[in-house]
Amino acid sequence: MRFRHPDGTTVHLAYCTNVHPAETFDGVLAQLRDHCEPVRRRLGRDRLGIGLWLARDAARTLAADPSALRTLRDALDRRGLEVVTLNGFPYEGFGADEVKYRVYEPDWTDPERLEYTTALARVLTGLLPDDVTEGSISTLPLAWRTAPGPHRALDALRVLGERLDALAELTGRSVRVGLEPEPGCVVETTGDALAPLTAVGHPRIGVCVDTCHLATSFEDPHRALDALTAAGVPVVKAQLSAALHAGQPHLPEVRRALAAFAEPRFLHQTRTLTAAGLRGTDDLDAALTGDALPDAAPWRAHFHVPLHAAPAPPLTSTLPVLRAALARLAGGPRPLTRHLEVETYTWQALPPALRPRTRDRLADGIAAELTLARDLLTDLGLKELP
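Please read these numbers as outputs of a predicted model, since none were measured by experiment. (Residues numbered from 1 in each chain as written. Predicted model: local features only at pLDDT ≥ 70, side-chain atom pairs only at ≥ 80, totals over all residues. Heavy atoms only, no water.)

### A look at the overall build of the protein chain
Phase 1: Along the backbone of the protein chain there are 12 helices and 15 strands.
Phase 2: Computed over C-alpha atoms, the radius of gyration of the protein chain comes to 20 Å, within 12% of the 21 Å expected from 2.2 N^0.38 for 386 residues, which places it in the range of a compact globule.
Phase 3: If one aligns the C-alpha atoms of the protein chain with their principal axes, the spans along those axes are about 55 × 45 × 45 Å.
Phase 4: Nonlocal contacts in the protein chain, meaning residues at least 24 apart in sequence, comprise 80% of its contacts between residues at least 6 apart.
Phase 5: Across the protein chain, the 43 positively charged side chains and the 49 negatively charged ones have centroids separated by 4 Å. (Helix = DSSP H or I, 4+ residues; strand = E, 2+ residues; numbered from the N terminus. Rg over C-alpha atoms; globule rule 2.2 N^0.38 Å. Contact = heavy atoms within 4.5 Å. Lys, Arg positive; Asp, Glu negative; His and termini not counted. Charge placed at Lys NZ, Arg CZ, Asp CG, Glu CD.)

### Section: the layout of surface pockets
Phase 1: What the largest pocket holds in volume is close to 300 Å³.
Phase 2: Taken together, 18 residues line the largest pocket, and the ones lying closest to its centre are Pro306, Ala309, Trp347, Leu350 and Leu354.
Phase 3: Split by residue class, the lining of the largest pocket holds 12 nonpolar, 2 polar and 4 charged. (1 Å grid on protein atoms, 1.4 Å probe; cavity = no way out; pocket = protein on both sides within 12 Å on 5 of 7 lines; lining within 4 Å. Points joined across faces, edges and corners; volume = space filled by probe spheres on them. Nonpolar A, V, L, I, M, F, W, Y, C, P; charged D, E, K, R; others polar.)

### So, empty space enclosed by the protein
Phase 1: A full pass over the atoms with the stated rule returns 5 cavities of 30 Å³ or more.
Phase 2: Around the largest cavity, the lining is made up of 17 residues, and of these Phe94, Val103, Glu182, His302 and Tyr345 lie nearest the centre.

### Considering the sheet that holds strand 10 (residues 270-274)
Phase 1: Strand order across the open sheet formed by 5 strands is 11-10-12-9-13, with antiparallel pairing between neighbours. At either end of the open sheet lies a strand with only one pairing partner, and these are strand 11 (277-281) and strand 13 (315-317). Going from strand to strand, the sheet's axes swing by 30° on average, the running direction of each strand aside.
Phase 2: Relative to strand 12 (residues 299-305), strand 10 runs antiparallel, the two sharing 3 bridges. Within strand 12, the position partnered with threonine 270 by the bridge is alanine 301. (Pairing = 2+ DSSP bridges. Axes fitted to C-alpha atoms, helices over the stretch in contact; angles between N-to-C directions.)

### Describing the pairing of strand 3 (residues 48-53)
Phase 1: Buried residues dominate strand 3, accounting for 6 of its 6 residues.
Phase 2: Burial along strand 3 is two-sided: the residues Leu48, Ile50 and Leu52 and Gly49, Gly51 and Trp53 are all buried.
Phase 3: Judged from the 3 bridges that link them, strand 2 (residues 10-16) and strand 3 form a sheet pairing that is parallel. What sits directly across from tyrosine 15, in strand 3, is isoleucine 50.
Phase 4: Sheet topology note: the strand 3/strand 4 (residues 81-87) ladder contains 5 bridges and is parallel. Along strand 4, the bridge assignment pairs glycine 49 with glutamate 82. (Buried < 20%, exposed > 50% of the residue type's maximum accessible area, 1.4 Å probe, protein only.)

### Here's the deal with helix 12 (residues 359-379)
Phase 1: Over its 21 residues, helix 12 extends 30 Å from the first C-alpha to the last, a length consistent with the 30 Å expected when each residue adds 1.5 Å.
Phase 2: For helix 12, the set of buried residues is Leu362, Ala363, Gly365, Ile366, Ala367, Glu369, Leu370, Leu372, Ala373, Leu376 and Leu377.
Phase 3: At the C-terminal side of helix 12, glycine 381 shows a positive phi close to 100°. (Expected span 1.5 Å × (residues − 1).)

### So, the pattern of salt bridges
Phase 1: Summed over all chains, the structure comprises 28 salt bridges.
Phase 2: Close ionic contact of glutamate 134 with arginine 338 constitutes a salt bridge, the shortest N to O distance being 2.8 Å. Of this pair, glutamate 134 sits in strand 5 (residues 134-139) while arginine 338 is found in the loop between helix 11 (319-330) and strand 14 (339-342), placing the two residues 204 residues apart along the sequence.
Phase 3: Between aspartate 226 and arginine 328 there is a salt bridge, with the nearest N and O atoms lying 2.7 Å from each other. In this pair, aspartate 226 sits in helix 8 (residues 221-231) while arginine 328 sits in helix 11, placing the two residues 102 residues apart along the sequence.
Phase 4: The class of aspartate 226 is partly exposed, set by a relative accessible area of 38%.
Phase 5: Arginine 328 gets classed as partly exposed once you look at its relative accessible area, which sits at 23%.
Phase 6: Among the ionic contacts, a cluster of salt bridges with common partners joins Arg2, Arg47, Glu82 and Asp131. (Salt bridge = Lys/Arg side-chain N within 4 Å of Asp/Glu carboxyl O.)

### Overview of unusual backbone geometry
Phase 1: In the segment running from glutamate 105 into proline 106, the intervening peptide bond is cis, with an omega of -15°.
Phase 2: Checked against the element boundaries, proline 106 lands in the loop between strand 4 and helix 4 (111-127).
Phase 3: The step from proline 313 to proline 314 runs through a cis peptide bond, and the omega angle for that step is 15°.
Phase 4: You will see that lysine 100, though not glycine, has its phi angle at about 45°, which is positive.
Phase 5: Considering the arrangement of structural elements, one finds lysine 100 in the loop between strand 4 and helix 4.
Phase 6: Of note in the backbone geometry, leucine 142 takes a positive phi value of approximately 75° without being a glycine.
Phase 7: Topologically, leucine 142 is positioned in the loop between strand 5 and helix 5 (150-171).
Phase 8: Classification of leucine 142 by relative accessible area gives buried; the value is 4%.

Set out below in structure tokens:
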């Protein structure tokens, strides 16, 4: 979906396909047929943007085989889909029964992360629509906090910047890569991103702001985005997502409601803001066990809940944080980013009663999220384009 900002800029809205498990090139083609095109049809659009996730094997196939890349491009065109952004955070196995800490491997201290991201950038230049010259890729925020040798990660990002420059020279198309701050990582907050990105100092490498992560870390969206702007760190893309919010975690009924969201597949880092600063656990299970996390103030958990459907009381979502962030990202005199991506990958990790049981129900939910995002953008004065 495309929107015209009052300053004349085109802003792209997509939804991320990491919600649909696929590890291979053939699996990606099946995603377009079984999921992405049905979402487009529900929205009544001739064209729909998707934030494509390409696992390692699919990325390698597309980077090495021009005919495969042409096949994918043709499939996108035929199904009324377009790609301006890729999700390069998960490397492989994102549809596994248990992902947890494995989503951070390989990290930016491992040469394979550089090679994977380089392959994604090459693929993206071949997928961009004819009238678009800039693409974006989101990536993990260097590494999980316990990883050794963070200086190697910065060296790898400098090499990446050189490769992106060479790619732009060769193709005439610019690809930018954004570190996606996430609780528990070396770069946990947008503030944590300032020093390493300033050290790297490359204009094609910036930040991907995920509004679920922003909220989970209790960051104020306006202060966070103002700090990035003041430091000259570009917002390469933004992921529109909402976290799980518990206002009174000391109450037994709130604990019971939270326990329904504790599940074995993904990591759900949980945070609370105390007088001494941010406190947290690596997963929701740990927060609910004993006194691992103070419960005198609200808790927020890294669980991407559907944008249009907040959890039932006594829980809610951090949609207000998303609204505030989007107002700053897209509602000012000029947009801070031109690439927006709805990223609710946890549909099948929701409590059983809330999970979509069929492809049709999942498509309905994704379309509803995109409709909400569209309405937020038009309320900010952007005009939806055909």
